[in-house]
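What follows is the residue order along each chain.
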Amino acid sequence: MADTAKSAKLTIGEQSYDLPIYSPTVGPDVLDIRKLYGQAGVFTYDPGFTSTASCDSTITFIDGDEGILLHRGYPIDQLASKSHYLEVCYLLMYGELPTAAELEEFENTITRHTMIHEQMHNFFRGFRRDAHPMATMVGVVGAMSAFYHDSTDISDPRQREIASHRLIAKMPTIAAMAYKYSIGQPFVYPRNDLDYAANFLHMCFSVPAEKYEVNPILARAMDRIFTLHADHEQNASTSTVRLASSSGANPFACIAAGIACLWGPAHGGANQACLEMLKEIGSVDRIPEFIARAKDKNDPFRLMGFGHRVYKNRDPRATVMKQSADEVLDLLGVENNPILQVAKELEKQALEDPYFIDKKLFPNVDFYSGIILEAMGFPTSMFTPIFALSRTVGWVSQWKEQLADPQHKIGRPRQLYLGSALRDYTDIESR
Ligand code: SDX
């Protein structure tokens, strides 16, 4: 824990309480209120956790005002341009960039965990063909605990590491199988001669009837999308994983809970919702109509892919994603993609509008990702599964960090109770 030399004084009525202040490596100080209820008999109130630090962590740092995202201190734009996803996975899990030997060993380990138990194939066949792939992923990942018992003892660091490797390795296989099942095509097994991103594209797009060569440009773009989504400090789904883990639940159940939370359109489901919104807008001349709706308090419509709880400046991931969208669509010969034109004009008009300027609403990671994914051949229903696949390393890294902390305890928030005070039961005859 950081230095506790400083403290804040809270006065309630005639009583004053000293609250220790901890200063982080970078970012805002925190007030330690753990003893507040015991000392003062009051709770703090922060629905949505807008001002609450739920843990300490050394993995990811976000400066929302400066638009900075660091993974173990390394800025996301450098990792996206100079590193690759499995190296970023190593960095997030172990805290340092690997040597060549460490990276080779890690990549070999992940590669050899990519197949799933053959009996798990039956799970997919229990779903309707038109099930959303996220429903399938929640179910199949939760079921992994029924097949990988030898990595569910969370008190054993080696089992925690094996479970982490299995989840990182098998998520692309599960996501690809969910996709194949939804389109009625046969499952494609992973191949050890392909790298992580190329393997995923091969499992999604190859068919037994003909040879499929992975386009290296698309594989590089896919790998970059994985990297941009890898971790993001204590977002809703990561907090869900931490809370589930705090009860001692097995790793597969915790990650299934994270997948379920990510599915929401306010979170990881925004990439699918954003592309559907851009298609509904359809042309640049309809943009003012949708911007007006987004500003109308009586209209529940929001600009999908815009705004963020933490970023009050540009989301650095969106900047990289926008560059990648231009590159990939150029290389695919769809640079005049009408949806990309709508997205760019929508961003331009929104960023010139006082409503968005005053509320500090900028494009987030989900604004451009769907355009790339659709150009790569994915249906919108696969956008959030790809986000879940990418974020698995963030979830397992934060899960491991929490379990390695001997101080960690079950998460159990309190409440501001506004219901009925004590009252006696009344028989139905007298109601
Ligand atoms: C992700 O937390 C993470 O780190 C998440 C994530 C990650 O990597 O894990 O970054 C991934 O989830 C990105 C966000 C994807 N979601 C969307 O793009 C959905 C659209 N965005 C909004 O739903 C919203 O911006 C949130 C949910 C992202 C953030 O919501 P907050 O922090 O609770 O902000 P808010 O709803 O209090 O908004 C502040 C104001 C409100 O107006 P007032 O009530 O103050 O008048 O801004 C308005 C909102 O109405 N507003 C929007 C808006 N987003 C916020 N108005 C129009 N369009 C929007 N998109």
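Basis of the calculations
- Residues numbered from 1 in each chain as written.
- Predicted model: local features only at pLDDT ≥ 70, side-chain atom pairs only at ≥ 80, totals over all residues.
- Heavy atoms only, no water.
- UniProt positions renumbered as here; feature names shortened; annotations may be inferred.
- Near = heavy atom within 4 Å.
- Polar contact = N/O pair within 3.5 Å; in protein donor to acceptor, adjacent residues only side chain to side chain.
- Nonpolar A, V, L, I, M, F, W, Y, C, P; charged D, E, K, R; others polar.
- Patch = residues over 30% accessible without salt bridge, like charges linked within 9 Å, V, L, I, M, F, W, Y side chains within 5 Å.
- Areas by Shrake-Rupley, 256 points an atom, 1.4 Å probe, with all protein chains shown as cover.
- Salt bridge = Lys/Arg side-chain N within 4 Å of Asp/Glu carboxyl O.
- Helix = DSSP H or I, 4+ residues; strand = E, 2+ residues; numbered from the N terminus.
- Pairing = 2+ DSSP bridges.
- Contact = heavy atoms within 4.5 Å.
- Buried < 20%, exposed > 50% of the residue type's maximum accessible area, 1.4 Å probe, protein only.

- An unreviewed UniProt entry annotates the protein chain as Citrate synthase of Alloyangia mangrovi.
- UniProt, in its Pathway (unreviewed entry) section for the protein chain, records the words "Carbohydrate metabolism; tricarboxylic acid cycle; isocitrate from oxaloacetate: step 1/2."

## Quick word on the site of the ligand
Right, on to step 1. Close to the ligand lie 24 residues, the nearest being His 232, His 308, Arg 309, Arg 317 and Arg 391.
Right, on to step 2. Within the contact set of the ligand, a nitrogen atom lies 2.9 Å away from a backbone nitrogen or oxygen of Ala 266.
Right, on to step 3. A distance of 3.0 Å is found between an oxygen atom of the ligand and a side-chain nitrogen or oxygen belonging to Lys 297.
Right, on to step 4. Looking at side-chain class alone, the shell around the ligand contains ten nonpolar, seven polar and seven charged residues.

## Comments concerning a nonpolar patch on the surface
Right, on to step 1. On the surface, Tyr 45, Leu 416 and Leu 418 cluster together to form a nonpolar patch covering roughly 410 Å² of accessible area.
Right, on to step 2. Considering the arrangement of structural elements, one finds Leu 416 in the segment after α18 (383-404).

## Quick word on the sheet that holds strand β6 (residues 74-75)
Right, on to step 1. Here three strands make up an open sheet; going across it, the order is β4-β5-β6 and the pairing antiparallel. Bordering the open sheet on either side are β4 (60-63) and β6, each of which pairs with just one other strand.

## Some details on the UniProt feature "active site" (unreviewed entry) in the protein chain
Right, on to step 1. Taken from the UniProt record, the annotation "active site" (unreviewed entry) applies to His 308 and Asp 366. Look at the named residues: they lie 59 residues apart in sequence, but the longest C-alpha span between them is just 10.5 Å, so in the fold they bunch up.
Right, on to step 2. With respect to the helices and strands, the residue His 308 is situated in the loop between α13 (287-295) and α14 (316-331).
Right, on to step 3. Those residues in contact with His 308, other than ones at most four positions away along the chain, are His 232, Asp 315, Arg 317 and Asn 364.
Right, on to step 4. Polar contacts involving the side chain of His 308 include one to the main-chain amide nitrogen of Val 310, which spans 2.9 Å.
Right, on to step 5. Examined against the element boundaries, Asp 366 turns out to sit in helix α17 (residues 366-375).
Right, on to step 6. By relative accessible area, which is 5% here, Asp 366 ends up buried.

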